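Topology and contacts: notes
The residues making up each chain are set out below.
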Amino acid sequence: MARVALTYLAEPGNRVVWQLVRAYGAEQTLERLMGGDIAEAALRTAVAVRSGPGDPRRVAEVALRRAERLGARVVVPADAEWPGGVEALAMLELDAGGRINRDVRPPLCLWVRGSRPLGDAFERSVAVVGARAATPYGQHVTTDLAYGLAEQEWTVVSGGAFGIDAAAHRSALAAGGFTVAVLACGVDRPYPMGNSGLFEQIAESGLLMSEWLPGAEPLRHRFLIRNRVIAAATAGTVVVEAAARSGAVQTMSRVVALNRRAMVVPGPVTSAMSVGCHELLRRFPETRLVTNVAHVLDEVGRIGEYLAEPARGGDHARDGLDEESALVLEAVPHHGTAGPEQLAARSGLGLRTVLRRLSLLELKGLIVRREDGIALAALARAAVARTDVPPG
């Protein structure tokens, strides 16, 4: 109850409140705040304003009863299901100024809807985030990534917004996987309203999670506060699309500072929705470019668990040939035939060498011998794409 009341009095992540709770415990900290025993003037003012309408303890009791009716629960650090990754926020320090970048401490409590233990859900989890105004390209890439992650039994975490977030949640559900929506409002107040049906699906087969009491409004600054939890609780974060000024970009700054795996999907250089992604790649050397689920798994998996094969073209019949055999094959005309002497002249190899290599090429099915000379076999003709060198 004390932790709930403290979260009501001060926005989550408040550095002073967290330090007091760590030093004196939640109940004594609540007593100090209610008694005005606060050195920081801004926090003292916030506590006074929010205490005006009613006793914070009473507010906490009402919220707990409301959550019980809703089928939600409060999780605190002493609980077995507390996600341990968020404790890394205790050491997070950011260079940028402002309260949003200063008050980044761990949550005091978390509100949860859904049956699976919270810590278990985050044990193997990847955040997939990005622009609300997602392009068809971004939606397509997100669908592939989230579906593939869910198939590999990784929890897909996102923020429940339109665009990339919604696509990530839906794809994970479609794959029969698990997804967590980390909200910037109460778990009983879906935002945006257009995703209400999606939130109900997530509550039934995944988890809805928030730091704010039931009924809390989705105020703009709360999305920025929420992002630190997404960054800390997961093994890594993928930004699929992001404009120049984007909450996803802000999330990635926390991912990098927390030494989590930071991944970015590139986009067309002409797309405004990829400007933020490209800037992240330029700004943070720690970020990795990813284009498919294999790349993501290679980043977040244990050493040796996954291996993303390098991209390469299709196999050719000439693959694996030694240098001399490749030169002889290259000398065979694409159309028509040539004699061994002609092939020796064109390849720059001795006649005896050419004759030996022709035997090897014939065994591999790359050439055929005709009455008027040597010709490419159908297999080689289909595999070797080149322009004939004009005679002379």
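Residues numbered from 1 in each chain as written. Predicted model: local features only at pLDDT ≥ 70, side-chain atom pairs only at ≥ 80, totals over all residues. Heavy atoms only, no water.

It is worth spelling out the overall build of the protein chain at this point. Per the secondary structure count, the protein chain includes 18 helices and 11 strands. Its C-alpha radius of gyration of 30 Å places the protein chain more than 25% over the 21 Å reference for a compact globule of 392 residues. By principal-axis analysis of the C-alpha atoms, the protein chain measures approximately 105 × 40 × 35 Å. The buried share of the protein chain, reckoned over its 392 residues, is 51%. Taking the contacts inside the protein chain whose residues are at least 6 apart along the sequence as the reference set, 73% of them involve residues at least 24 apart. Here the protein chain displays about 18600 Å² of accessible surface, and carbon together with sulfur accounts for 52% of that area. When the 44 basic and 43 acidic side-chain charges of the protein chain are each reduced to a single mean position, those positions are 5 Å apart. (Helix = DSSP H or I, 4+ residues; strand = E, 2+ residues; numbered from the N terminus. Rg over C-alpha atoms; globule rule 2.2 N^0.38 Å. Buried < 20%, exposed > 50% of the residue type's maximum accessible area, 1.4 Å probe, protein only. Contact = heavy atoms within 4.5 Å. Areas by Shrake-Rupley, 256 points an atom, 1.4 Å probe, with all protein chains shown as cover. Lys, Arg positive; Asp, Glu negative; His and termini not counted. Charge placed at Lys NZ, Arg CZ, Asp CG, Glu CD.)

Among the nonpolar cores identified, the biggest contains 37 residues, and Leu6, Val17, Leu33, Leu43, Trp111, Ile202 and Leu208 are the most heavily contacted of them. Contributing elements (two or more residues each) for this core: α1 (2–9), α2 (15–24), α3 (26–34), α4 (41–51), α5 (56–70), α9 (164–174), β5 (179–183) and α10 (196–205). Those residues in contact with Val17 that sit more than four places away from it in its chain are Leu6, Ala10, Thr29, Leu33, Leu43 and Leu108. With 22 residues, the next largest nonpolar core counts Val126, Val128, Val290 and Tyr306 among its residues. (Core = buried A, V, L, I, M, F, W, Y, C linked by side-chain atoms within 4.5 Å.)

Turning to the environment of Arg189, a few remarks are in order. Relative to the elements of secondary structure, Arg189 occurs in the loop between β5 and α10. On the accessibility criterion, Arg189 (34% relative accessible area) is partly exposed. Here the alpha-carbon distance between Arg189 and Pro218, two residues 29 residues apart in the chain, equals 8.6 Å. Not counting residues within four places of it along the chain, the set of residues in contact with Arg189 comprises Gly215, Ala216, Glu217 and Pro218.

A few words now on the environment of Leu351. Among the structural elements, Leu351 can be located in helix α17 (residues 351–363). A C-alpha to C-alpha distance of 6.4 Å links Leu351 and Glu341, two positions 10 residues apart in sequence. Beyond its immediate chain neighbours, meaning those up to four positions away, Leu351 contacts Pro340, Glu341 and Ala344.

The next subject is the confidence of the model for the protein chain. On average, residues of the protein chain carry a pLDDT of 92, and 94% of them reach 70 or more. Long-range and interchain partners of residues 385–392, a stretch whose pLDDT sits below 50, account for 8 contacts in this model, where long-range means more than four residues apart. (pLDDT = per-residue confidence, 0-100.)

Next up on the list: the packing of α1 against α5. The description of two packed helices rests on the angle between their axes and on the distance between the axes. Running from N to C, α1 and α5 point in directions that differ by 110 degrees, and their axes come no closer than 8 Å. Classified by the angle their axes make, α1 and α5 are roughly perpendicular. Both α1 and α5 take part in a crossing whose hand is right-handed. Contacts between α1 and α5 involve Val4, Ala5, Tyr8 and Leu9 on the former and, on the latter, Pro56, Arg57, Val59, Ala60 and Leu64. Class assignment for the residues of the contact of α1 with α5 results in 8 nonpolar, no polar and 1 charged. (Axes fitted to C-alpha atoms, helices over the stretch in contact; angles between N-to-C directions. Parallel < 35°, antiparallel > 145°, perpendicular 65-115°, else oblique. Left-handed = near helix turned anticlockwise from the far one by under 90°. Nonpolar A, V, L, I, M, F, W, Y, C, P; charged D, E, K, R; others polar.)

Let us look at the environment of Glu241. Relative to the elements of secondary structure, Glu241 occurs in the loop between β7 (236–239) and α12 (247–257). Placed 24 residues apart in sequence, Glu241 and Val265 show a C-alpha to C-alpha distance of 7.1 Å. In contact with Glu241, other than residues within four places in its own chain, are Val129, Gly130, Ala131, Ala134, Thr135, Tyr137, Gly138, Ile164, Met273, Ser274 and Cys277. Here the side chain of Glu241 touches Thr135 through a polar contact of 2.5 Å, side chain to side chain. (Polar contact = N/O pair within 3.5 Å; in protein donor to acceptor, adjacent residues only side chain to side chain.)

This brings us to the packing of α1 against α4. The interhelical angle for the contact between α1 and α4, taken along N-to-C directions, is 105 degrees, at an axis separation of 9 Å. Comparing the axis directions of α1 and α4 gives the class roughly perpendicular. Across from Thr7, Tyr8 and Leu9 in α1, the residues of α4 making contact are Ala46, Val47, Arg50 and Ser51. Residue composition of the contact of α1 with α4, by class: 4 nonpolar, 2 polar and 1 charged.

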